[in-house]
Amino acid sequence: MSDVLAQAVAAMNEKLAGAGIDGTAQFNVEGEGSMVVDDSGAREGSADADVTFNADADTYREIFDGSLNPTSAFMSGRLTIDGDMGMAMKLAATLA
C-alpha cells in the first residue's frame, strides 16, 4: 500500500469513528490506487461502488486534513464525483 493510501485509509477510519457507511464509495487517487469505504470502514482496494470520487493525492490530503472543503474541491473541479450524489453529500459532511 502506498503511503498516500495508508494515510487516506487511516484518516477516513478516524473520521468515521468506527462506523461504516450505508453503501459503498470508492476514492481513486491519481497515480496511487484506490480506497473503498463501506459498512466495514475504509480499506485499500476497489469495488463496485454507489459513488466514486476522483482526485489527485494533494487534493485528498487537503480534504482529510481539513484545509479543503470537499464541496469546494468539487465546485472548483479538483474533485470529480460519479454516481449517487446523495451518498456523496453524506460523505462530504463526514469529511468536512
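What counts and how
- Residues numbered from 1 in each chain as written.
- Predicted model: local features only at pLDDT ≥ 70, side-chain atom pairs only at ≥ 80, totals over all residues.
- Heavy atoms only, no water.
- Buried < 20%, exposed > 50% of the residue type's maximum accessible area, 1.4 Å probe, protein only.
- Helix = DSSP H or I, 4+ residues; strand = E, 2+ residues; numbered from the N terminus.
- Arc of directions from axis to C-beta.
- Salt bridge = Lys/Arg side-chain N within 4 Å of Asp/Glu carboxyl O.
- Phe/Tyr/Trp six-rings, centres within 6.5 Å; stacked < 30°, edge-to-face > 60°.

**Student:** What's the story with helix 2 (residues 57-65) in this structure? I'm lost.
**Tutor:** Two residues of an α-helix separated by three or four positions point the same way, owing to the 3.6 residues in each turn. Taken together, the buried positions of helix 2 are Ala57, Thr59, Tyr60, Ile63 and Phe64. Angular distribution of buried residues about the axis of helix 2 spans 160 degrees; they occupy a single face of the element. Phi for Gly66, located one or two positions after helix 2, is positive at around 90 degrees.

**Student:** Explain the pattern of salt bridges here, please?
**Tutor:** Opposite charge on two side chains makes pairing possible when the charged atoms of those side chains draw close. According to the stated counting rule, one finds 3 salt bridges in the structure shown. With its nearest N and O atoms 3.0 Å apart, the salt bridge here joins Asp38 to Arg43. Residue class for Arg43 comes out partly exposed when judged on its relative accessible area of 37%. For Arg78, the salt bridge is made with Glu62, and the minimal N-O distance between the two is 3.2 Å. Separated by 16 residues along the polypeptide, Arg78 in the loop between helix 3 (70-75) and strand 5 (80-83) and Glu62 in helix 2 bring together distant segments of the chain. The partly exposed category is assigned to Arg78, whose relative accessible area is 33%. Given the relative accessible area of 25%, Glu62 is considered partly exposed.

**Student:** In this structure, what is going on with the packing of aromatic side chains? I would like to understand it.
**Tutor:** The description of an aromatic ring pair rests on the distance of the ring centres and on the angle between the ring planes. One pass over the full model with this rule turns up 3 aromatic pairs. Note on Phe27 and Tyr60: the rings are 5.9 Å apart at their centroids and 65 degrees apart in plane angle, and the pair reads as edge-to-face. One end of the pair, Phe27, is in strand 1 (residues 25-29); the other, Tyr60, is in helix 2, with 33 residues separating them in the sequence. Grouping residues by exposure puts Phe27 and Tyr60 together as buried. Relative to Phe64, the ring of Tyr60 has its centre 6.3 Å away and its plane inclined at 20 degrees; by these criteria the two rings are stacked. Here the residue Tyr60 and the residue Phe64 both occupy positions in helix 2, the gap between them amounting to 4 residues, near one helical turn. Comparing Tyr60 with Phe64, the two get one shared label, buried.

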